Amino acid sequence: MPGVRVRFAPSPTGALHVGGARTALFNWLFARGQGGRFILRIEDTDRQRSSPEMVDDILGALQWLGLDWDEGPFLQSERLDRYRQAADQLLNENKAYRCFCSTAELAARRQAAAASGKALKCDDTCRELPPDQAGERRTRGLSSMVRFKGTRDGEVAFEDRIFGRIAHRTEQIEDFVLVRSDGMPTYHLGVVLDDLDMNISHVVRGADHISNTPKQILLYRALDRPVPVFAHLPLILGPDRTRLSKRHGATAVTSYRDQGYLPAPFCNFLALLGWSPKSETECFSTDELVRQFTLEGVQKSNAVFNQEKLDWFNSRYLRNAPAERLYPLIRSELEGEGLWKEQLGSSARDWTLKVIDLLKKRVRMVSDFTTQGRAFFTDEFEIEDKARRKFLKNATLPLLMPKLAARLESLPVFELEEAESALRTFAAENGVKAALLINAARALLTGRAVAPGIFEVMVALGQERTVARLSGTSWVKNDPEG
Ligand code: GLU
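Read on for an overview of the structure.

Section: the site of the ligand
Near the ligand, the surroundings consist of R7, A9, P10, S11, E43, Y187, V191, R205 and H209. A distance of 2.9 Å is found between an oxygen atom of the ligand and a side-chain nitrogen or oxygen belonging to H209. Burial of the ligand by the protein amounts to 80% of the accessible area it has alone, namely 300 Å².

Here it is in C-alpha cells:
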C-alpha cells in the first residue's frame, strides 16, 4: 500500500510496557510489510509525569526489540508553538472557546450533579460567553483554558479496521479541553496536529483510546482535514482476566531484557497478543512476522498475557539457535557476571561454543547459562539442596567417589566412550548401580540435580576439573544430615 505512514507515540511517564511494545510492534510490522514509514513520537506534554530517563528507557527497549524508526523521535514539547497557533485558529473561527471556570468550580458542579443522581456530561458554562466578556476577563488576568466547541446535532462515526463501525451522537461528546490553563496542549490537540503534520495514514493504537477517537475526529473536521484510518488493538489482560498491570509481575520490556529474554522470541510472543496468523504454526522469525502480519488478522477479543508461553518461545529459540549466534550474548552475560575467563585464551571461543550447545537445550533464558550453567565457567559454585538430598545421601559415596576420580584420572584418553566405560566398569566392580555414581557425579560436577548428559559434562569440563571435583570431599562435611 503506497503512502502508509504509521507512528508509535508513547508518553514517557513510565517505562515501555508490554502493551506499548505490542502497539509499537504492530505499527512497525504493518509499515515494514507495506513498504511504509514508521515514525516515533514522544508525547511529553505532561511535564510533571514525563522524564528524560523514561524516554531513554523507551528508546532502549525499542532498539532492543529491533523496531527501528524511520523518522523521529519527535518531541511534542518542541512543538508547543504549533499547538498554540492551531488553538488560536480554532478560537478565531469560533470552533473553540475560552473557559474561565476554576478546577474547584468544575469539581463542585460535578459533585452537585452526581448528588442529584445524574452525571455531568458536559460542563459548558462558558460556551456562550460573549467575546467582549471573555476579552474583559482576560484583561483582568483571569486564567482560562481553551475548550473545543462541539457541534450538537449530528453523528460522528468511523470504520475501525478492527472493531468495525463505531458511531456516537455529537451531543454526547463533551466540550473537551484543548489547551490547559498553564498553556500546555492536551493530548487530543497534540495527537491530532501531530498526526496531521506527520501525514499519518493509519492510527494503530490500543483499544483504551477508542473513546478518544470521536473527539479527535471532530477536531479533524474542525480543522477541515481528512481523517486517517483508525485501527484499535485489543487490550492485553493478565491471567486473571483483568487489565495487565504491575500486579501481574514485570511489565517493563527492559526488565524482560535484563532477565535474559531475547528480542526475537519476545517479538514472536508479542505478535500473538491479539493477532492470529493464517498459518498453522505460531513460531515466526521477525522477517516472517513482517511477511505474515495484516491488520485483518488482528482480533477484537482481548489477549491474555501468558508468561509460560513467553518462556516456551524463549527456550525454543535458544534450543534451535546455532551456538555461534548465541555466543556474543552468552559472552556478555558471562562478562557481566565476572565469569568470562580470558586465561582460556584462543580456545575460549571454541570451548564456550561447545558448552553453549550442551546447555542450550535446557535453558529458558540467557541468564540460565550463568546460573544453571555456573559450574562450567567457575569452580566456585554451590551444590543445590535438591541435588544434595537426592543424589549425595548414599553412605557409600564418600568412599566411592574419590576412587572413581582416581580411575578417571588414570585414563590416557578422556573422551565420551572412555569416560563412560570407565564409570560403568567401576560400578560393576564395586557392586553398585551405575546410576548411583552418575547421579552423584552430576551433583558434584554441576551442582545441579538436572544437567546435560554426564559424560558430555565430564568431557566439556576436562579430565583435570572432573577429577578434582569428584575427589574433593568437602561436600561430605557440608551435608548437615550427612
Ligand atoms: N501517548 C498515548 C499513550 O501513550 C498514545 C496516543 C495515541 O497513540 O494516540 O497512550
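Considerations on the layout of surface pockets
Within this model, the largest pocket holds a volume of roughly 1,200 Å³. Together, 41 residues line the largest pocket, and S11, H17, G20, D208 and H209 are the ones closest to its centre. Elements that contribute at least two residues to the lining of the largest pocket include exactly β1 (5-8), α1 (18-34), α6 (187-197) and β9 (202-206). When residues of the lining of the largest pocket are assigned to their parent elements, the largest contribution, 6 residues, is made by α1. In terms of residue class, the lining of the largest pocket is made up of 17 nonpolar, 14 polar and 10 charged.

Regarding the packing of helix α18 (residues 416-429) against helix α19 (residues 434-446)
Two packed helices can be described by the angle between their axes and the distance between those axes. Viewed as axis vectors pointing N to C, α18 and α19 meet at an angle of 125°, and their least axial separation amounts to 8 Å. Here α19 runs oblique to α18, going by the angle between their axes. Relative to α19, α18 is oriented so that their crossing is right-handed. Counting all contacts with α18, which are made through L423, R424, F426 and A427, the residues of α19 involved are A434, L437 and I438. Looking at the contact of α18 with α19 residue by residue, the classes come out as 6 nonpolar, no polar and 1 charged.

Observations concerning the nonpolar core
Within the largest apolar cluster, 57 residues are counted, with the highest numbers of intra-cluster contacts made by F376, M401, L408, L437, M458 and L470. Element by element, the count of residues in this core is highest for α19, at 8 residues. For L408, the residues in contact, after removing those within four places along its chain, are F414, A419, A422, M458, Q463, T466, V467 and L470. Core analysis: the second largest hydrophobic core is formed by 54 residues, A31, W275, L289 and V290 among them.

A word on the sheet that holds strand β2 (residues 37-42)
The strands making up a sheet associate through backbone hydrogen bonding, with each pair oriented either parallel or antiparallel. Read across the open sheet, the 3 strands follow the order β1-β2-β3; overall the sheet is parallel. A strand with exactly one partner marks an edge of an open sheet, and here the two such strands are β1 and β3 (71-75). On average, adjacent strands in this sheet sit at an angle of 25° to one another, irrespective of strand direction. Inspection of the sheet shows β1 paired to β2 by 4 bridges, in the parallel sense. By the bridge assignment, R5 is partnered in β2 with R37. Contacts from α1 reach β1 and β2 within the one sheet, and its direction differs from that of β1 by about 165°. Along the sheet face, helix α2 (residues 52-65) touches β1, β2 and β3 and points at about 160° away from the line of β2.

Describing the pattern of salt bridges
Enumeration over the complete set of coordinates arrives at 38 salt bridges. As a salt-bridge pair, D44 and R47 come within 3.5 Å of each other at their nearest N and O atoms. Take D44: its relative accessible area is 6%, and that puts it in the buried class. Between R49 and D46 there is a salt bridge, with the nearest N and O atoms lying 3.2 Å from each other. Exposure remark for R49: the relative accessible area of 53% places this residue in the exposed category. It is possible to trace a salt-bridge network through shared partners that takes in R7, R41, E43, R79, R82, D194, D195 and D197.

Digging into the sheet that holds strand β4 (residues 96-99)
Strand order in the open sheet formed by 3 strands is β4-β5-β8, with antiparallel pairing between adjacent strands. The sheet terminates laterally at β4 and β8 (177-179), the two strands that pair on one side only. Averaged over all adjacent pairs, the angle separating strand axes in this sheet is 40°, with direction ignored. Pairing of β4 with strand β5 (residues 145-148), which is carried by 4 bridges, proceeds in the antiparallel orientation. Among the inter-strand pairings, A96 is bridged to a residue of β5, identified as F148.

Thoughts on the environment of R349
Mapped onto the fold, R349 is located in helix α13 (residues 347-359). On the basis of relative accessibility, which here comes to 34%, the residue R349 falls in the partly exposed class. A sequence separation of 18 residues divides R349 from R331, and the C-alpha atoms of the two residues are 9.0 Å apart. With sequence-adjacent residues up to four places away left out, R349 is seen in contact with E324 and Y327.

Focus: the packing of aromatic side chains
A complete count under the given rule lists 14 aromatic pairs for this structure. Consider the rings of F26 and F293, whose centres lie 5.0 Å apart with planes at 50°: the pair is tilted. One end of the pair, F26, is in helix α1; the other, F293, is in the loop between α10 (286-292) and β12 (303-304), with 267 residues separating them in the sequence. For the pair F26 and F293, one class covers both residues: buried. Each residue in the set W64, Y256, Y261, F266, F269 and F305 is aromatic and connected to the rest through ring pairs, giving one cluster. Taking the ring centre of F26 as reference, the NZ or CZ of R22 above it sits at 5.5 Å. The residue whose ring lies beneath R349 is Y327, and the NZ or CZ to ring-centre distance is 4.8 Å.

Conventions we followed
- Residues numbered from 1 in each chain as written.
- Predicted model: local features only at pLDDT ≥ 70, side-chain atom pairs only at ≥ 80, totals over all residues.
- Heavy atoms only, no water.
- Near = heavy atom within 4 Å.
- Polar contact = N/O pair within 3.5 Å; in protein donor to acceptor, adjacent residues only side chain to side chain.
- Areas by Shrake-Rupley, 256 points an atom, 1.4 Å probe, with all protein chains shown as cover.
- 1 Å grid on protein atoms, 1.4 Å probe; cavity = no way out; pocket = protein on both sides within 12 Å on 5 of 7 lines; lining within 4 Å.
- Points joined across faces, edges and corners; volume = space filled by probe spheres on them.
- Helix = DSSP H or I, 4+ residues; strand = E, 2+ residues; numbered from the N terminus.
- Nonpolar A, V, L, I, M, F, W, Y, C, P; charged D, E, K, R; others polar.
- Axes fitted to C-alpha atoms, helices over the stretch in contact; angles between N-to-C directions.
- Parallel < 35°, antiparallel > 145°, perpendicular 65-115°, else oblique.
- Left-handed = near helix turned anticlockwise from the far one by under 90°.
- Contact = heavy atoms within 4.5 Å.
- Core = buried A, V, L, I, M, F, W, Y, C linked by side-chain atoms within 4.5 Å.
- Buried < 20%, exposed > 50% of the residue type's maximum accessible area, 1.4 Å probe, protein only.
- Pairing = 2+ DSSP bridges.
- Salt bridge = Lys/Arg side-chain N within 4 Å of Asp/Glu carboxyl O.
- Phe/Tyr/Trp six-rings, centres within 6.5 Å; stacked < 30°, edge-to-face > 60°.
- Lys NZ or Arg CZ within 6 Å of the ring centre and 35° of its normal.

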